[in-house]
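In case you want the letters, here they are:
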Amino acid sequence: MSTLAQKKGFGATIWDYLTTVDHKKIAILYLIAGGFFFLVGGLEAMFIRVQLAVPNNDFVSAGLYNEILTMHGTTMIFLAAMPLVFAFMNAIMPLQIGARDVAFPFLNSLGFWLFFFGGVFLNLSWFLGGAPDAGWTSYASLSLASEGHGIDFYVLGLQISGAGTLIGGINFLVTIINMRAPGMTYMRMPMFTWATFVTSALILFAFPPLTIGLFLMLFDRMFGANFFDPTMGGNTIIWEHFFWIFGHPEVYILILPAFGIFSEIFAIFSRKRLFGYSSMVFATVLIGFLGFMVWAHHMFTTGMGPIANAIFAVATMAIAVPTGIKIFNWLFTMWGGSIQFTTPMMYAVAFIPSFTMGGVTGVMLASAAQDYQYHDSYFVVAHFHYVIVGGVVFALLAGTHLYWPKMFGTMLNEKMGKWTFWLFLIGFHLTFFIQHFLGLWGMPRRIFTFNEGQGLDAANAVSTVGAFFMAVSTIILLINIIMTSIKNEKVGSDPWGDGRTLEWAIPSPPPFYNFKQLPLVRGLDALWIEKMEGKKGMTPAEPLGDIHMPNNSIIPFVMSSGLFVAAFGAMYHADEGNTWGIPVLIIGLLITLGSMLVRSVKDDHGYHIHKEELVDDDDKGVKA
Amino acid sequence: MTNEQLNSGNPKVDIEYRRKKNAEEMRYQIITFALMIFLTLVAFVAVGYEGFSASFAVPFILVLAFVQVAFQLYYFMHMSHKGHEAPALFLYSGVFVGFITVLAFMTVIWW
Ligand code: HEM
Ligand SMILES: [Cu+2]
């Protein structure tokens, strides 16, 4: 990737990435791991669509279909979308606020490795007796009845990776609160940074309910408790509440960074300041706030009663208001701008109608009485794919093109990028638009096959064709990435030419200390302001001085691997005649606790880059 | 990085003022400490005394618990000081989310 790494030899590079605490390298790790899981989840999606292509298909069996469907949803949300969002937040947010790293570089690395080991654990279920099969929501009445270890993999895997996510979120919060460059007030922060901030707050409050739900499930399944078993005095609905108290904010955790990326894109490629910046901030915060009061719209049909249904219906519809504010602001940003249709901008423009359609079906679903018709039908499937693919995935693809030069120092091919875009856009609408009607015609979600002559054949076939378009588009993106990396034509600090924020003021990829001198921020779109005044780059806010850097460490890796080992012990100990479960559980926990002890006892003060070295390093520094 | 040194090494710090401030702080801490012990005793009495029914005792000690938490946060963890706006914001948001959760559980699951 970077030239620095290539000089080092393969083993040293691997070691470097295993131990790195640099936010830019951790971002690359998130990008690679998330990208890998995205391909895995995509493969699972293709199996689903092939199975449903024709009536009474037997491409996969009913049981295997449940596993594939469950793993598709779980992988895409927890192991693909989340880490990819984290990749961009890690790569870009510290640069946007003019920081040299995140507040806790060590924790940043720990967060990644926890996510990674959790994800690997979850996916090992395929090879160890069967994957989870109760849907990504894993409703307790279903999952407690599921045989084998599939659900255990789900519970333990998500528990581990969830801890990583929580750590990451807290880290971003502290970073944004404490490490903004001089002059970078809250109301001068770029929209993507704001999105990261609110998203991290949502993570902070949404993941603990999931953790609790998973713990209760873990005790029910592995240690003989009965929290969710009504025959033993438990209550199966409690899981649903915990899951959705987490689950609804989770969908906003995904979409807000997407909004952030698009806000950057609209401003850059319209060559205009983001319209209504302060209302955008307000809308983002409001969405985050309201996001916590609507979770029960997923449970209208569980019998909460008309009052609760009415309250949650109204609260849900209210979210459409701040979302609408944002849509209009983006439109007004483009209005009168000198628009350049680069690949990221094409995604952004396509995002508006696509996502809005998802929002509209959302409001339809939010009406409790109507939801009795739509619930658990393909209409819901169409809704959430319109918002998640048309919103989040579009943003991730757009962000990949936009920030690739910043992360790797070389531009993805624009021509291939546009092919990817068009194929994906067509494939996406082909696959999911028709699913609205499938739902209205009565096709339930999560079924593994359907009978001939129910009027579902043609629409399902169309949907499958669309999926292949998206698959081809993804392959083109991969080829693009490989070819770009091989060619490796280096670009300068502002490859799009119209960068507005601080990340475009430093070289691509930035030196490991980011800013030689912290920049002085004089307003929103800090770099643009300097450009308009005819300056080449940012004015430094401090004299050239020594820079304090953290040391690399393998401890996060070891700490996470301990939990990975412990999870196997916890899972198998309850099996008939198992003797090694408890010892393995204890060994695993000892590894984790031991490495925590080492970390606390060993003083690690980091090191300094000296002023003299920085002076020599002129071509890499801030253009000040 | 820029925020590392919050209160040390600054020659302009007024030692006299600091000392007075600290003494005042200490006084508050002792008063709240005594109050907290007292409230704890009251809580025990409320539960132990036969004359109070559970429907009085439970809400009553819950109220006492809230007061204790507030004392703890504001006097012992210095949330009354300046520069704690962000922690306060997140704390109250957390309380809010927790409250909504409990409220919902009380009303729609175990009604
Ligand atoms: C205007 C905003 C939105 C409204 C009013 C809304 C409303 C709803 C409602 C009422 C449901 C439940 C349908 C049912 O199960 O019967 C639902 C499901 C869902 N929504 Fe939304 N939604 C909105 C935006 C979003 C966004 C932005 C995302 C994600 C980025 C999202 C992701 C989902 C998902 C994943 C589900 C299905 C969960 C499942 O059952 O597996 N929604 N939405
Ligand atoms: Cu929801």
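Since this is a predicted model, take the numbers as computed values, not measurements.

**Brief notes about the coordination of the iron atom of ligand 1**
Residues and elements named next belong to chain A.
- A lone protein donor binds the iron atom of ligand 1: His383 (NE2), at 2.1 Å.
- The distance between the iron atom of ligand 1 and the copper ion (ligand 2) is 4.4 Å.
- Along the polypeptide, His383 turns up in helix H14 (residues 378–408).

**A closer look at helix H12 (residues 343–366) of chain A**
- Its 24 residues place the ends of H12(A) 34 Å apart at the C-alpha level, agreeing with the 34 Å of an ideal helix rising 1.5 Å per residue.
- Along H12(A), the sharpest kink reaches roughly 35°, centred on A:Phe351 and followed within four residues by the proline A:Pro353.

**Structural notes on the interface of chain A and chain B**
- Of the residues lining the interface, 21 residues belong to chain A; the matching set on chain B comes to 16 residues.
- Buried surface at the junction of chain A and chain B, both sides included, amounts to about 1,700 Å², of which 83% is carbon and sulfur.
- At the junction of chain A and chain B, the tally comes to zero salt bridges.
- Here chain A is connected to chain B by zero residue pairs in polar contact (both at pLDDT 80 or more).
- Listed by contribution, the elements that provide at least two residues to the side of chain A that touches chain B are helix H7 (150–178), helix H8 (191–222) and helix H9 (236–270) of chain A.
- Split into classes, the residues belonging to the side of chain A that touches chain B amount to 17 nonpolar, three polar and one charged.

**Considerations on the site of ligand 1**
All names here are of chain A.
- Taken together, 22 residues sit near ligand 1, with Trp136, Asp371, His375, His383 and Arg445 positioned nearest.
- Asp371 places a side-chain nitrogen or oxygen 2.5 Å from an oxygen atom of ligand 1.
- One of the side-chain nitrogen or oxygen atoms of His375 is found 2.7 Å away from an oxygen atom of ligand 1.
- Among the secondary structure elements, those contributing two or more residues to the shell around ligand 1 are H9, H12 and H14.
- Tallying contributions element by element places H12 first for the shell around ligand 1, with six residues.
- Partitioning the shell around ligand 1 into residue classes produces 13 nonpolar, seven polar and two charged.

**Some thoughts on the side chain of A:Ser270**
- On the secondary structure map, A:Ser270 appears in helix H9.
- A polar contact is formed between the side chain of A:Ser270 and the backbone oxygen of A:Phe266, at a distance of 2.7 Å.

**Points about the UniProt feature "transmembrane region" (unreviewed entry) in chain B**
- According to UniProt, the positions carrying the feature "transmembrane region" (unreviewed entry) are residues 28–49, 55–77 and 89–110 of chain B.
- Secondary structure content for residues 55–77 of chain B is 96% helix and 0% strand, and the end C-alpha separation is 32 Å.

**Let's talk about the coordination of the copper ion (ligand 2)**
Residue and element names in this part refer to chain A.
- Looking at the metal site, the copper ion (ligand 2) is ligated by His248 (ND1), His297 (NE2) and His298 (NE2), spaced 1.9 to 2.0 Å from it.
- His248 sits in the buried class, given a relative accessible area of 5%.
- Classification of His298 by relative accessible area gives partly exposed; the value is 23%.

**Let's talk about the pattern of salt bridges**
Residue and element names in this part refer to chain A.
- What the rule picks out here adds up to 14 salt bridges over all chains.
- A salt bridge links Asp152 to Arg221; the nearest nitrogen and oxygen atoms lie 2.6 Å apart. Of this pair, Asp152 sits in helix H7 while Arg221 sits in helix H8, and the two are 69 residues apart along the sequence.
- Judged by its relative accessible area of 3%, Asp152 falls in the buried class.
- For Arg221, a relative accessible area of 19% corresponds to the buried category.
- The residue Glu533 makes a salt bridge to Arg522 at a minimum N-O spacing of 2.8 Å. Within this pair, whereas Glu533 is found in the loop between helix H17 (526–532) and strand E1 (547–549), its partner Arg522 is found in the loop between helix H16 (457–487) and H17, the two being separated by 11 residues in sequence.
- Assessed through its relative accessible area of 47%, Glu533 is described here as partly exposed.

**Some remarks on the domain arrangement of chain B**
All names here are of chain B.
- Taken domain by domain, chain B consists of domain 1 (1–80) and domain 2 (83–111).
- Between domain 1 and domain 2, the residue contacts involve five residues of the former and four residues of the latter.
- For the pair domain 1 and domain 2, the summed buried area comes to about 360 Å², and 70% of that belongs to carbon and sulfur atoms.
- For the side of domain 1 that touches domain 2, the class distribution of residues is four nonpolar, one polar and no charged.

Quick notes on the rules
- Residues numbered from 1 in each chain as written.
- Chains lettered and ligands numbered in written order.
- Predicted model: local features only at pLDDT ≥ 70, side-chain atom pairs only at ≥ 80, totals over all residues.
- Heavy atoms only, no water.
- Donors = N, O, S within 2.8 Å, 3.2 Å for Na, K, Ca; no water.
- Helix = DSSP H or I, 4+ residues; strand = E, 2+ residues; numbered from the N terminus.
- Expected span 1.5 Å × (residues − 1).
- Bend = angle between axes of the 7 residues up to and from the residue.
- Contact = heavy atoms within 4.5 Å.
- Buried area = accessible area lost by both parts, 1.4 Å probe.
- Salt bridge = Lys/Arg side-chain N within 4 Å of Asp/Glu carboxyl O.
- Polar contact = N/O pair within 3.5 Å; in protein donor to acceptor, adjacent residues only side chain to side chain.
- Nonpolar A, V, L, I, M, F, W, Y, C, P; charged D, E, K, R; others polar.
- Near = heavy atom within 4 Å.
- UniProt positions renumbered as here; feature names shortened; annotations may be inferred.
- Buried < 20%, exposed > 50% of the residue type's maximum accessible area, 1.4 Å probe, protein only.
- Domains from an automatic or database assignment.

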